[in-house]
Amino acid sequence: MTRDAAAPAERLVARAKRPAARIMLVDRAGRALLFRFTPDDRPPFWCTPGGALDPGESYAAAARRELYEETGIAADPGPEVAQRNVEFLTLERIAVTADERWFRVDVDAPVIDPAGHTDLERRVMTTWRWFARDELADWPETIYPADLPAMLEATDDA
């Protein structure tokens, strides 16, 4: 899931295509939920909920599934609010080009249930936090996407 710069040798390797659904999960106070990842091969980083599509799955269905698996929240993700292509090295060390479709979900009660986490997520995604927008710019660890405050602002009235 990280967006580390690929080493020169990795840039020469064909990247796997990775369609993914990402969720901006926002509580009533306007804070965004981020998970902290602590992989063995790179510094910790924070990322929004979401992940790769399963075979035959739509982006909206993946957003709904990922939201439930990662947070325990069953909600309609609503319409797609952004799209971007990013290159990164997954936690499994696979170089990918991800076609990310973004959804925004607003919730009243910010209670997170990690019961649906995969074994990998249980190992490297053990912490989560609701971030106020002013905390995002100065956070001492990397946050993905870097322009999350602008994405939140752009969807505030959507």
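The structure we're discussing is the one just above.
Since the structure is predicted, the reported quantities are computational estimates derived from the model, not experimental observations. (Residues numbered from 1 in each chain as written. Predicted model: local features only at pLDDT ≥ 70, side-chain atom pairs only at ≥ 80, totals over all residues. Heavy atoms only, no water.)

Engineer: Explain the overall build of the protein chain to me, and be specific about the residues and the numbers.
Structural biologist: Helix and strand content of the protein chain: five helices and eight strands. Each helix (α) and strand (β) of the protein chain, taken in turn from the N terminus, gives the series α-β-β-β-β-α-β-β-α-β-α-β-α. In terms of C-alpha radius of gyration, the protein chain reaches 15 Å, essentially the compact-globule figure of 15 Å for 158 residues. By principal-axis analysis of the C-alpha atoms, the protein chain measures approximately 45 × 40 × 30 Å. Restricting to contacts in the protein chain with at least 6 residues of sequence separation, those with at least 24 account for 69%. Here the protein chain has roughly 8,100 Å² of accessible surface; of this, 53% comes from carbon and sulfur atoms. Placing the 20 positive and 29 negative side-chain charges of the protein chain at their respective mean positions leaves the two points 3 Å apart. (Helix = DSSP H or I, 4+ residues; strand = E, 2+ residues; numbered from the N terminus. Rg over C-alpha atoms; globule rule 2.2 N^0.38 Å. Contact = heavy atoms within 4.5 Å. Areas by Shrake-Rupley, 256 points an atom, 1.4 Å probe, with all protein chains shown as cover. Lys, Arg positive; Asp, Glu negative; His and termini not counted. Charge placed at Lys NZ, Arg CZ, Asp CG, Glu CD.)

Engineer: An account of the pattern of salt bridges is needed here, citing residue identities and associated values.
Structural biologist: Counting across every chain of the model gives 18 salt bridges. The partner of Asp-76 in a salt bridge is Arg-64, and the shortest N-O contact between them spans 3.8 Å. With Asp-76 in the loop between α2 (59–71) and β5 (80–89) and Arg-64 in helix α2, this residue pair connects regions lying 12 residues apart in the sequence. Across the pair Arg-65 and Glu-69 runs a salt bridge whose closest N-O atoms are separated by 3.2 Å. Within this pair, Arg-65 and its partner Glu-69 are both found in helix α2, separated by four residues, close to a single helical turn. Three or more residues are tied together by salt bridges with common partners; here these are Asp-54, Glu-57, Arg-65, Glu-66 and Glu-69. (Salt bridge = Lys/Arg side-chain N within 4 Å of Asp/Glu carboxyl O.)

Engineer: Lay out helix α5 (residues 148–155) with the relevant residues and their values.
Structural biologist: Considered for burial, the residues of α5 that qualify are Leu-148, Met-151, Leu-152 and Thr-155. The buried residues of α5 occupy an angular sector of 100° when projected down its axis, which confines them to one face. Of the exposed residues in α5, those oriented more than 90 degrees away from the buried face are Glu-153 and Ala-154. Each element contacted by the buried residues of α5 is listed here: β1 (16–26), β2 (32–37), β5, β6 (95–106) and α4 (133–136). (Buried < 20%, exposed > 50% of the residue type's maximum accessible area, 1.4 Å probe, protein only. Arc of directions from axis to C-beta.)

Engineer: Summarise the side chain of Glu-70; cite the residues concerned and give the values.
Structural biologist: Relative to the elements of secondary structure, Glu-70 occurs in helix α2. For the buried residue Glu-70, which engages in no salt bridge, the nearest side chain bearing the opposite charge is Arg-22, 5.6 Å off. In this structure Glu-70 touches Phe-35, Pro-49, Gly-50, Ile-112, Asp-113, His-117, Glu-121 and Met-125, once residues within four positions along its chain are discounted.

Engineer: Report on unusual backbone geometry, specifying residues and quantitative values.
Structural biologist: A cis geometry characterises the amide bond from Tyr-144 onward to Pro-145, with omega recorded as -5°. The topology assignment puts Pro-145 in the loop between β8 (142–144) and α5.

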